[in-house]
Amino acid sequence: GDLDKVVNLLLSLSGRLARVETALGSLGPHAPAEDKLALREKQRLLVAQLEDAKELKEHVGRREEAVGAMVARYLPAEHLQDYQHFVKMKSALIAEQRELEEKIKLGQEQLKCLRESL
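For clarity, every value in this text was computed on a predicted model and none was experimentally measured.

**Things to note about the nonpolar core**
Part 1 of the argument: Counting 15 residues, the largest nonpolar core has Leu-3, Leu-10, Leu-13, Leu-46 and Leu-50 as its most contacted members.
Part 2 of the argument: The element best represented in this core is helix α1 (residues 2–26), accounting for eight residues.
Part 3 of the argument: Here Leu-10 is in contact with Leu-50, Ala-53, Lys-54 and Lys-57, once residues within four sequence places are set aside.

**Some points on the pattern of salt bridges**
Part 1 of the argument: Tallied over the entire structure, the rule returns six salt bridges.
Part 2 of the argument: The closest approach of N and O atoms between Arg-44 and Glu-41, which form a salt bridge, is 2.5 Å. In this pair, Arg-44 and Glu-41 both sit in helix α2 (residues 33–74), three residues apart, roughly one turn of the helix.
Part 3 of the argument: The partner of Lys-54 in a salt bridge is Glu-51, and the shortest N-O contact between them spans 3.7 Å. Highlighted residues: Lys-54 and Glu-51, both in helix α2, separated by three residues, approximately one helical turn.
Part 4 of the argument: A relative accessible area of 39% places Lys-54 in the partly exposed class.
Part 5 of the argument: Accessibility expressed as a relative area gives 41% for Glu-51, which makes it partly exposed.
Part 6 of the argument: Taken together, the shared-partner salt bridges connect Arg-19, Arg-98 and Glu-102 into one network.

**Some words on the domain arrangement of the chain**
Part 1 of the argument: Annotation of the chain at the domain level lists domain 1 (1–74) and domain 2 (77–117).
Part 2 of the argument: For domain 1 and domain 2, the distance between their C-alpha centroids amounts to 17 Å.
Part 3 of the argument: Counting residues at the interface gives 12 residues for domain 1, matched by nine residues for domain 2.
Part 4 of the argument: For the domain 1 and domain 2 pair, buried surface summed over both sides reaches about 910 Å², with 65% attributable to carbon and sulfur atoms.
Part 5 of the argument: In terms of surface lost to domain 2, no three residues of domain 1 exceed Leu-3, Asp-4 and Leu-11, which account for 38% of the buried area on that side.

How each quantity is defined
Residues numbered from 1 in each chain as written. Predicted model: local features only at pLDDT ≥ 70, side-chain atom pairs only at ≥ 80, totals over all residues. Heavy atoms only, no water. Core = buried A, V, L, I, M, F, W, Y, C linked by side-chain atoms within 4.5 Å. Buried < 20%, exposed > 50% of the residue type's maximum accessible area, 1.4 Å probe, protein only. Helix = DSSP H or I, 4+ residues; strand = E, 2+ residues; numbered from the N terminus. Contact = heavy atoms within 4.5 Å. Salt bridge = Lys/Arg side-chain N within 4 Å of Asp/Glu carboxyl O. Domains from an automatic or database assignment. Buried area = accessible area lost by both parts, 1.4 Å probe.

Given below as structure tokens:
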């Protein structure tokens, strides 16, 4: 459960940071200074939160290793391999699910804009 939460947190923060950086990049030279300042402050906070989330992921990784060592004492080799595969795939599948959800959301927003422009 913690792994799910940390992976989702990392993906969320990364997405938010990317959107802020895109917004900063799209600001023209005549954009109000307070807009730029607000976006830079958001960027700074998101970078700090992302670093904290990475530390959390490392902590969860260490805990995962400790749990894996305990599980290894009680499971036969074939079941242990299944367990290890499950843990590795879970993060990848969470990331893929999140990416697909973002693509669906973007597609829906684009569709809405197209309909409004017609």
